[in-house]
Amino acid sequence: MTDLKTLNKKELEHEFANDFGSPYFPILGEIYLRDKDYMRAEKVCRIGLEHNPDNLNGYYILSKIYLYNNKLTDAEKLLKILIDKNPLHINGLRLIIELQRKLNKSKKYRLGYLNKLFDIFPSDEYIKNEIVNLDKSYFNNKTVKKKHSKEKNIQNAINFNVQPHMATLTFVEILKKQKQYDQALHVLSIIESKSTSNKKTEKLKSEIKNLLIESN
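To start, this report covers the structure provided alongside it. Computed from a predicted model, the values in this text were never measured in an experiment.

What follows covers unusual backbone geometry. Positive phi, close to 60 degrees, is recorded for Lys-36, a residue that is not glycine. Structurally, the position occupied by Lys-36 is in the loop between helix H2 (25-34) and helix H3 (38-51). Residues other than glycine seldom take positive phi values, yet Asn-104 does so here, at roughly 55 degrees. Tracing the chain through its elements places Asn-104 in the loop between helix H6 (90-102) and helix H7 (107-120). Owing to a relative accessible area of 64%, Asn-104 belongs among the exposed residues under this scheme.

The end-to-end C-alpha distance of helix H4 (residues 56-68) is 19 Å, a good match for the 18 Å that 13 residues give at a rise of 1.5 Å each. Next to the buried residues of H4 lie H2, H3, helix H5 (72-85) and H6. Regarding H4, its N-cap is Asn-55, as a side-chain oxygen of that residue lies 3.2 Å from the backbone nitrogen of Asn-57 further along. Looking one or two residues beyond H4, the residue adopting positive phi is Asn-70, at roughly 65 degrees.

Before going further, it helps to examine H3. Under the 1.5 Å per step criterion, the end-to-end length of H3 is 20 Å for 14 residues, consistent within 8% with the ideal 20 Å. On the buried face of H3, the contacting elements are helix H1 (9-18), H2 and H4.

Calculation notes
- Residues numbered from 1 in each chain as written.
- Predicted model: local features only at pLDDT ≥ 70, side-chain atom pairs only at ≥ 80, totals over all residues.
- Heavy atoms only, no water.
- Helix = DSSP H or I, 4+ residues; strand = E, 2+ residues; numbered from the N terminus.
- Buried < 20%, exposed > 50% of the residue type's maximum accessible area, 1.4 Å probe, protein only.
- Expected span 1.5 Å × (residues − 1).
- Contact = heavy atoms within 4.5 Å.
- Polar contact = N/O pair within 3.5 Å; in protein donor to acceptor, adjacent residues only side chain to side chain.

By themselves these figures say nothing about function.
Right under this line is the structure:
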């Protein structure tokens, strides 16, 4: 988190005046927000985003400014853009979840963002409780989907045809990087059938099995 006290507001204002698309414009906007100068904060961020539309912090700070100004719908629109650009923006996800609660958005929309956040923090009981409050059967349904996904992976492994000349450790490593663990084990079994198992193949098999367990 940036320590705003260590930054010189005058220098940032000078930087912004010389370059409206300066990557520092969100920091200046946040300083104005801290000083409760909401009009300047909004103006800086809006102009900054016009000249630098890929600045993710700009979307986040402007959405906070809109929130302070009670422009909840505008804040939500910006957060949607932010999360589309970066689905793992944790603060953006937390803020849009709170906003959608205030806006009384439908269960479908709220669950969508809660699920994204829960995928990042699967041990967070608060997020889990929020999901259950909206849909008590949500996690049961998710378990069923996960089971179907596992069955599909097994079926893909059965249908995965590899010519003997393709069965190499390099190919296994590629499949491993692509997270196609079932297929990687299948190729390893072909390699082992062609030659005696060695420490390298045993180690690789063990790694892939562990990854497969973790992914399920």
